[in-house]
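# What the coordinates show
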Amino acid sequence: PNPPPDQSVFARRNLTFVITSKRKLAQLVNEKKVHGWDDPRMPTIVGLRRRGYTPESLQLFAERIGVTKADSWIDYSTLEGCLREDLETKAHRAMAVLNPVKLTLTNWDEVFSPGHLEPCSQPALPHPPEGTEAPVRHFTIGKEVWIDREDFEEVPPKGYKRLFPGNKVRLKGGYVIECTGCTKDDSGTITGVLATVVPDTKSGTPGSETVKVKAAITWVGVANGVSAEVRMYDRLFLDPQPDAGGKDFLEGLNPHSLKVITAVVEPSLANAIPDQKFQFERHGYFVADRVDHVTGSKPVFNLAVG
């Protein structure tokens, strides 16, 4: 007497640069193309979580793409955009130097005193929830700091605004500095950058904006920077449709989908707990690894999304 229930059939969600076949994913695991089912490059729940994806970002993704009865491909960047959108207001900011070279402020001892460390601070959340006070992170600047190699050019290309001889920039949250040159080894590789600190230009102090600069760069103090393992993940496949049309999906694997580097991060990150998310300023969103990160002694961070 009761009518049978209606059954609706919807197309699968095909995501570019991803395979979802359990058999093929198992092959990746069994042949050790990845480091297990929870490898952050895997489209599994445990893999996505270890990569830094939040339940809210996945829910937003599902809502955004909707449902369809026609086969279609969804661009991977849509998923990445949902994670950025979710973490923008949640992830604490921090400075990290991923490709470090030492910057020496040659007049530091004269302007301050030998060994002096100047306290600095920056908001951890630029836009805290309404009615709450912005958390603050603290660090110090001294005679030597780490900067990214990409932030110095001995012979700058057109339009380059960061460090080169004669140019001034601001060390974010710190002082304005003027680059004076660099040091090199016998092969010509740059081993250090030299600059002078401009007095009375500390961020947030009266008169700090009297010296105008066109760029601010991130940095970490040598005195209290923390060494950290950072895992730079990229898409597992180079082919946007790795198993479509009978292709051998293994041929589309990205040989550079994981690059492990040793970075220097600001001291606040030594207290990060597993699964805690951050925005490394200028680099992207990162998560303290759920498995390998050890608070206080062995920081390990995974790139979630650039």
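Everything quoted here is computed from the prediction, not taken from an experiment. (Residues numbered from 1 in each chain as written. Predicted model: local features only at pLDDT ≥ 70, side-chain atom pairs only at ≥ 80, totals over all residues. Heavy atoms only, no water.)

### Overview of unusual backbone geometry
As a reminder of what qualifies: Each helix corresponds to a stretch of at least 4 residues labelled H or I by DSSP, and each strand to a stretch of at least 2 residues labelled E; elements are numbered beginning at the N terminus. Each residue is assigned to one of three classes by its accessible area relative to the maximum for its type, calculated with a 1.4 Å probe on protein chains only: buried under 20%, partly exposed between the two thresholds, exposed over 50%.
Unusually for a residue other than glycine, D200 sits at a positive phi of about 60°. By the element assignment, D200 lies in the loop between β11 (190-197) and β12 (216-217). On the basis of relative accessible area, D200 is assigned to the exposed category, the value being 63%.

### Digging into the layout of surface pockets
The criterion, for reference: A cavity here means a set of points on a 1 Å grid, drawn over the protein atoms and nothing else, where a 1.4 Å probe fits but cannot get out; a pocket is an open set with protein on both sides within 12 Å along at least five of seven lines, and a residue lines either one if it has an atom within 4 Å of a point. Grid points are joined across faces, edges and corners, and a volume is the space filled by probe spheres set on the points. Residues were grouped as follows: Ala, Val, Leu, Ile, Met, Phe, Trp, Tyr, Cys and Pro as nonpolar; Asp, Glu, Lys and Arg as charged; and all remaining residues, including Gly, as polar.
In this model, the largest pocket occupies a volume close to 520 Å³. Along the wall of the largest pocket there are 27 residues; nearest its centre are L15, V18, P43, L48 and L79. Only α2 (45-51), α3 (55-65) and α4 (76-87) provide two or more residues apiece to the lining of the largest pocket. Ranked by the residues each element gives to the lining of the largest pocket, the list is headed by α3, at four residues. Considering only residue class, the lining of the largest pocket consists of 19 nonpolar, two polar and six charged. Looking at the second largest pocket, the residues that line it are L98, N99, D148, E150, M232, K259, I261, H283 and F286. A breakdown of the residues in the lining of the second largest pocket according to their chemical character gives four nonpolar, two polar and three charged.

### Structural notes on the packing of aromatic side chains
Note the threshold: Two aromatic rings, drawn from Phe, Tyr or Trp (for Trp, its six-membered ring), form a pair once their centres lie within 6.5 Å of each other, and the interplanar angle then sorts them: stacked below 30 degrees, edge-to-face above 60, tilted otherwise.
Overall, the coordinates contain nine aromatic pairs when judged by the stated rule. Aromatic pair Y160 and F164: ring centres 6.4 Å apart, planes at 50°, arrangement tilted. The exposure class of Y160 is buried, given its relative accessible area of 13%. Note on F164: relative accessible area 19%, which makes it buried. Both rings, one in F280 and one in F286, keep their centres 4.3 Å apart while their planes meet at 15°; by these two values the pair is stacked. Both residues of the pair, F280 and F286, count as buried. One aromatic cluster is present, built from ring pairs that chain together F278, F280, F286 and F301.

### Brief notes about the state of the cysteines
Threshold: Our working definition of a disulfide is a cysteine sulfur pair at a distance within 2.5 Å.
Here the structure, examined in full by the defined rule, presents zero disulfides. Residue C179 stays outside any disulfide, its sulfur separated by 7.4 Å from that of C182, the closest cysteine. Owing to a relative accessible area of 2%, C179 belongs among the buried residues under this scheme.

### Topic: the environment of L15
This is how it is decided: By definition, residues are in contact when any of their heavy atoms lie within 4.5 Å.
When you line up the elements, L15 lands in strand β1 (residues 14-15). In this structure L15 comes out as buried when scored by relative accessible area, which is 12%. The sequence separation of L15 and P43 amounts to 28 residues, and the corresponding C-alpha distance is 9.9 Å. With residues near it in sequence (within four places) discarded, L15 still touches F61, W73, I74, D75, Y76, L79 and P240.

### Observations concerning the sheet that holds β11
The criterion, for reference: Strand pairing is assigned whenever DSSP identifies at least 2 bridges connecting the two strands.
Here seven strands make up an open sheet; going across it, the order is β12-β9-β10-β11-β5-β8-β13 and the pairing mixed. Unpaired on one side and paired on the other, β12 and β13 (220-221) mark the two borders of the sheet. Of the pairings in the sheet, the one linking strand β8 (residues 144-148) to β13 comprises two bridges and is antiparallel in character. Note on β13: the bridge partner recorded for W146 is V220.

### Structural notes on helix α1 (residues 22-30)
Along α1, the residues that are buried comprise K24, L25, A26, L28 and V29. Just downstream of α1 lies K32, where phi reads positive at about 60°.

### With respect to the side chain of R41
Stated precisely, the cut-off is as follows: We call two N or O atoms a polar contact when they sit within 3.5 Å, provided that within protein one can donate a hydrogen and the other can accept it, with sequence-adjacent residues counted only if both atoms are side-chain atoms.
Summarising the element assignment, R41 is placed in the loop between α1 and α2. Look at R41 and you get buried, because its relative accessible area is 12%. Side chain to side chain, R41 and D39 meet in a polar contact 2.8 Å long. Those residues in contact with R41, other than ones at most four positions away along the chain, are K33, V34, H35, R51, Y233, D234, L236, S257 and L258.

### Brief notes about the pairing of β11
Of the strand pairs in this sheet, strand β5 (residues 100-105) and β11 are connected by four bridges, and their pairing is parallel. Along β11, the bridge assignment pairs L103 with V193. In this structure, strand β10 (residues 176-184) lies alongside β11, joined through seven bridges in antiparallel fashion. Its bridge partner being in β11, G181 is matched across the sheet by L194.

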